[in-house]
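# Survey of secondary and tertiary structure
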Amino acid sequence: DTEVTQTPKHLVMGMTNKKSLKCEQHMGHRAMYWYKQKAKKPPELMFVYSYEKLSINESVPSRFSPECPNSSLLNLHLHALQPEDSALYLCASKQLERSGNTIYFGEGSWLTVV
Amino acid sequence: AQKVTQAQTEISVVEKEDVTLDCVYETRDTTYYLFWYKQPPSGELVFLIRRNSFDEQNEISGRYSWNFQKSTSSFNFTITASQVVDSAVYFCALRLLYNQGGKLIFGQGTELSVKP
């Protein structure tokens, strides 16, 4: 079983809705990630948090707003999304103290924008 | 520039056959890490193996084995006596040592279908 937990598993939202995806890990990892994955494609990096600070934003539209309230939690706030934003959103985490450590992924949140 | 190529988009085998998934990578860095992940239909990316660029030892874990060859920039994955539960999309990925944030560079994935 994964030690990165994501909720909800499935989310359907309208284009005017505001919703959030949540991610939690208790492995003591200080790097956390959001990836977006479209069907039949590899995951694409969206955001990286290191020590609870945003370190990488891969030019993601502002309708996606990440938040890292503490070292165990990572949220992705969604507002005014488009149907093309429908995808699998994967959260991941990694140790920071040693290089080369593995990035562990959660089960993902399947998002449908209608 | 860094790149990972998985030339096989889809592979279909019958149960108990052996199957090899190919992965070729490109980087000018001398220190890097290679990974294989499995993604079943449920969506989770399951970590299978990590290999450091300075360690060319091949590895076997049960029915799984990995062949890392720096001379050909390849990191191939073999499943022996495949089973239906092996059906999934498999991703090969590269991460550089001196890489901001630990970004993974994924191949396009190989969809493996194991039929009973």
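None of these values were measured; they are calculated from a predicted model.

Before going further, it helps to spend a moment on the pattern of salt bridges. Between side chains of opposite charge, a pair can form when the charged atoms approach closely. All told, the structure shown has nine salt bridges over all chains when counted by the stated rule. The partner of Lys9(A) in a salt bridge is Glu107(A), and the shortest N-O contact between them spans 3.7 Å. In this pair, Lys9(A) sits in the loop between β1 (4-7) and β2 (10-13) while Glu107(A) sits in the loop between β10 (104-105) and β11 (109-113), placing the two residues 98 residues apart along the sequence. Close ionic contact of Arg51(B) with Glu59(B) constitutes a salt bridge, the shortest N to O distance being 2.7 Å. Take Glu59(B): its relative accessible area is 31%, and that puts it in the partly exposed class. Here the salt bridges do not stand alone but share partners, grouping Lys36(A), Arg63(A) and Asp85(A) into one network.

Moving on, we come to the state of the cysteines. Residues and elements named next belong to chain A. Summed over the entire model, instances satisfying the criterion amount to two disulfides over all chains. Note on Cys68: no disulfide assigned, nearest cysteine sulfur contributed by Cys91 at a separation of 9.1 Å. The exposure class assigned to Cys68 is buried, which follows from its relative accessible area of 12%.

Turning to the sheet that holds β1(A), a few remarks are in order. Residues and elements named next belong to chain A. Across the sheet, four strands lie side by side as β1-β3-β8-β7; this open sheet has antiparallel pairing. Of all strands in the sheet, those with a lone pairing partner are β1 and β7 (64-70), marking the two edges. Across the sheet, the mean angle from the axis of one strand to that of its neighbour is 20 degrees, orientation sign disregarded. In this structure, β7 lies alongside strand β8 (residues 73-79), joined through five bridges in antiparallel fashion. Each residue of the ladder has a partner; that of Ser65, found in β8, is His77.

Bringing the nonpolar core into the picture now. Residues Trp36(B), Trp66(B), Phe75(B), Phe77(B), Tyr90(B) and Leu112(B) are the most contacted members of the largest nonpolar core, which totals 26 residues. For this core, the secondary structure elements donating two or more residues are β2 (10-14), β3 (19-21), β5 (32-39), β6 (46-52), β8 (64-69), β9 (74-79), β10 (88-96) and β12 (110-115) of chain B. Of all the elements, β10(B) adds the most residues to this core, at five residues. Here Phe75(B) is in contact with Cys23(B), Leu34(B), Phe35(B), Trp36(B), Ile49(B), Arg51(B), Trp66(B), Asn67(B), Phe68(B) and Cys92(B), once residues within four sequence places are set aside. Counting 22 residues, the second-largest nonpolar core is a separate cluster that includes Trp34(A), Val60(A), Cys68(A) and Leu81(A).

Once that is clear, we can look at the side chain of Arg51(B). Residue and element names in this part refer to chain B. Take Arg51: it is sitting in strand β6. Side-chain polar atoms of Arg51 contact the backbone oxygen of Gln57, separated by 3.2 Å. Side-chain polar atoms of Arg51 contact the side chain of Glu59, separated by 2.7 Å.

Counting residues at the interface gives 27 residues for chain A, matched by 23 residues for chain B. Between chain A and chain B, the buried area comes to about 1,900 Å², and carbon and sulfur atoms account for 52% of it. At the junction of chain A and chain B, the tally comes to two salt bridges. Of the charged contacts in the structure, one is a salt bridge between Lys103(B) and Glu58(A), with a shortest N-O distance of 3.0 Å. Taken together, the links from chain A to chain B amount to seven residue pairs in polar contact (both at pLDDT 80 or more). Residues that form the side of chain A that touches chain B fall into these classes: 13 nonpolar, eight polar and six charged.

Rules of the game
- Residues numbered from 1 in each chain as written.
- Chains lettered and ligands numbered in written order.
- Predicted model: local features only at pLDDT ≥ 70, side-chain atom pairs only at ≥ 80, totals over all residues.
- Heavy atoms only, no water.
- Salt bridge = Lys/Arg side-chain N within 4 Å of Asp/Glu carboxyl O.
- Helix = DSSP H or I, 4+ residues; strand = E, 2+ residues; numbered from the N terminus.
- Buried < 20%, exposed > 50% of the residue type's maximum accessible area, 1.4 Å probe, protein only.
- Disulfide = S-S within 2.5 Å.
- Pairing = 2+ DSSP bridges.
- Axes fitted to C-alpha atoms, helices over the stretch in contact; angles between N-to-C directions.
- Core = buried A, V, L, I, M, F, W, Y, C linked by side-chain atoms within 4.5 Å.
- Contact = heavy atoms within 4.5 Å.
- Polar contact = N/O pair within 3.5 Å; in protein donor to acceptor, adjacent residues only side chain to side chain.
- Buried area = accessible area lost by both parts, 1.4 Å probe.
- Nonpolar A, V, L, I, M, F, W, Y, C, P; charged D, E, K, R; others polar.

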